[in-house]
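Reading the structure
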Amino acid sequence: RIEGTVAPGFESVRQLYEHNMRTWTEEHTQLCVYHQGQKVVDLWASVTPDGEFSADSLVNVFSSGKSLEAIAMASLVGRGLLDYDAKIADYWPEFANNGKGDITVADLMRHEAGLPTLNTSIELEDLFTDSIKQNKVGRIIEAHAPKFVGNDSEKRAYHAVTRGWIANELFRRVEPTGRTIGEFLREEISAPLAADVAIGVKKEELNRIQKISPLSIFMHFLESMKPKFLGRGVFHNFFQLVARIARMVPGIRKSGAASAPLPFKGMKDIAFFNEPKLAMGETPSANATCSARGLAKLAAAMSAGGTFAGTEILNEAGWGAMHDKPVDAEMSGLFPSRFTQGGVAQFTACNQNSSKLEREFNEGREGFYGWMGLGGSIFQWHPQHDIGFAFVPTSLHVLDILNERGKTYQAEVLRCIANKAQTA
């Protein structure tokens, strides 16, 4: 069941989408793209005929939420309330405890704060907005010591969940009314844009959420053994997967992430993210609940300098600072990354000296900013071509670490725009 529309010139995106939905191991997906302020792709699909899934269904987009928290933090910078070069402890004195006094806001946003994991699991109730304001999460962070692996050039370690928790504590201390990131997002972005993007859903919104369904590692490998011409259900073949995992294992061991406690109490696997209490809490880096339509509209505002249809989401100063000072570094020794001081990745063109992993990470999404989420979601924008892009799946391909399945749509959109420019 494939529904939706594309604008003239983007027909090949629909053809690719239909092919992928019929070939890959998918369940439900949404794809939405804006170009120069106009919606040019608005597609959604489901392998089930029940009709419950729609373009307005909400889905956990995991780490795609990191760009939402980056936008929230940049709003404070734009108003002169926060400085990326300042120490976090300048705004939150208790954060300095146990050797964290010199960590800057930019360190946190670039995943260089030395807190990629915590030594305890968090209760779901402690992540409710009211509990956050009682400092239940803040106290745990304050008591924690940083742990850096390697020298200064190797300190970037993926703060998969913790970046959002720390950013939220900093945000609510700086924000003049004491709002959390979730409250700010709902009041200053979601409502003005009429966009479904949330960190912490309301109880009455739970019935709009479509559950995520992780593809098991066994099934992923099984599908990867099929030749592409026989309808391989995943992006990579078996040998590509094995080679990539082999390259990343040393970095995972070195980071210590594998031995850390799971972030949430009671968590056993990724399916735990379907828990209603988790959706209602605020974990900005890992549990944003959104539709592709909502994300793409916000991405369109970002691609246009912070404004969409006359609604300013981010002023010029905040937008410029968020995209400024990109720094290249290996992420926990796993893959190359280029993060700005505002905490969004910049994807760049590769050259003949680029590694295979670097090409796989960047090629097809050159010029985009933003990030992506575990298993497949992508929330990114392209200022040069004024593109707002969002892809939201419910079937999580967890071994597609660089989200190359969704990148196929980004590459096709770029091709369509290049073709339109040539024929104009």
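See the structure printed just above.
Residues numbered from 1 in each chain as written. Predicted model: local features only at pLDDT ≥ 70, side-chain atom pairs only at ≥ 80, totals over all residues. Heavy atoms only, no water.

**So, the packing of aromatic side chains**
- Applying the stated criterion across every chain yields a total of 20 aromatic pairs.
- Between the aromatic rings of phenylalanine 221 and phenylalanine 238, the centroid separation amounts to 5.7 Å while the plane-to-plane angle is 65°, which identifies the pairing as edge-to-face. Of this pair, phenylalanine 221 sits in helix H9 (residues 217-224) while phenylalanine 238 sits in helix H10 (residues 238-255), placing them 17 residues apart in sequence.
- Ring geometry for phenylalanine 264 against phenylalanine 273: centres 5.6 Å apart, planes inclined by 90°, an arrangement best described as edge-to-face.
- Judged by its relative accessible area of 10%, phenylalanine 273 is buried.
- In this structure an aromatic cluster arises from ring pairing among Tyr158, Phe335, Phe339, Phe347, Phe361 and Trp371.
- Looking at lysine 100, its charged tip hangs above the ring of phenylalanine 95, at a distance of 5.2 Å from the centre.
- A cation over an aromatic ring shows up here: arginine 365 above the ring of phenylalanine 347, its NZ or CZ 5.3 Å from the ring centre. (Phe/Tyr/Trp six-rings, centres within 6.5 Å; stacked < 30°, edge-to-face > 60°. Helix = DSSP H or I, 4+ residues; strand = E, 2+ residues; numbered from the N terminus. Buried < 20%, exposed > 50% of the residue type's maximum accessible area, 1.4 Å probe, protein only. Lys NZ or Arg CZ within 6 Å of the ring centre and 35° of its normal.)

**Side note on helix H12 (residues 292-303)**
- With twelve residues, H12 ought to run about 16 Å at 1.5 Å a step, and its terminal C-alpha atoms sit 16 Å apart, in line with that.
- Of the residues trailing H12, glycine 305 is marked for its positive phi of about 90°. (Expected span 1.5 Å × (residues − 1).)

**Topic: the state of the cysteines**
- According to the stated counting rule, one finds zero disulfides in the structure shown.
- Cysteine cysteine 32 is unpaired, with the sulfur of cysteine 290 as its nearest cysteine sulfur at 13 Å.
- For cysteine 32, a relative accessible area of 1% translates into the label buried.
- Classification of cysteine 290 by relative accessible area gives buried; the value is 0%. (Disulfide = S-S within 2.5 Å.)

**Focus on the pairing of strand E2 (residues 28-35)**
- Judged by how many residues are buried, E2 sits mostly within the fold: eight of eight residues are covered.
- Neither face of E2 is open: one carries His28, Gln30, Cys32 and Tyr34, the other Thr29, Leu31, Val33 and His35, and all of them are buried.
- Where E2 and strand E3 (residues 38-46) come together, eight bridges link them in antiparallel fashion. Counterpart to leucine 31 in the pairing with E3 is leucine 43. (Pairing = 2+ DSSP bridges.)

**Some points on the pattern of salt bridges**
- Counted under the stated rule, the structure contains 27 salt bridges.
- A salt bridge links arginine 293 to aspartate 42; the nearest nitrogen and oxygen atoms lie 2.8 Å apart. Taken together, the positions of arginine 293 in helix H12 and aspartate 42 in strand E3 put the pair 251 residues apart, joining distant regions of the chain.
- Under the relative-accessibility criterion, aspartate 42 is labelled buried at 7%.
- When the shortest N-O distance is used, the salt bridge between arginine 415 and glutamate 412 registers 2.8 Å. In this pair, arginine 415 and glutamate 412 both sit in helix H15 (residues 404-423), three residues apart, roughly one turn of the helix.
- Overall, arginine 415 belongs to the partly exposed group, its relative accessible area being 44%.
- Because the salt bridges share partners, they merge into one network encompassing Lys39, Asp42, Asp56 and Arg293. (Salt bridge = Lys/Arg side-chain N within 4 Å of Asp/Glu carboxyl O.)

**Focus: the packing of helix H2 (residues 65-78) against helix H7 (residues 162-174)**
- Look at H2 against H7: their axes get within 10 Å of each other, and the N-to-C directions meet at 25°. Taken together, the axes of H2 and H7 lie roughly parallel to each other. Helix-helix and strand crossings are classified by hand; for H2 and H7 the assignment is left-handed. Each of Lys66, Glu69, Ala70, Ala72, Met73, Ser75 and Leu76 in H2 lies in contact with H7, whose residues at this interface are Arg163, Gly164, Ala167, Leu170, Phe171 and Val174.
- Here the contact of H2 with H7 is composed, by residue class, of eight nonpolar, two polar and three charged. (Axes fitted to C-alpha atoms, helices over the stretch in contact; angles between N-to-C directions. Parallel < 35°, antiparallel > 145°, perpendicular 65-115°, else oblique. Left-handed = near helix turned anticlockwise from the far one by under 90°. Contact = heavy atoms within 4.5 Å. Nonpolar A, V, L, I, M, F, W, Y, C, P; charged D, E, K, R; others polar.)

**As for the nonpolar core**
- Of all hydrophobic cores here, the largest spans 79 residues; its most connected members are Phe264, Met302 and Met322.
- Look past the residues within four positions of methionine 322 in its chain and what remains in contact with it is Ala70, Ile71, Ala74, Tyr84, Met302, Leu314, Thr340, Gly342, Val344 and Trp381.
- In this structure, Phe347, Trp371, Phe391 and Val413 belong to the second largest nonpolar core, which totals 31 residues. (Core = buried A, V, L, I, M, F, W, Y, C linked by side-chain atoms within 4.5 Å.)

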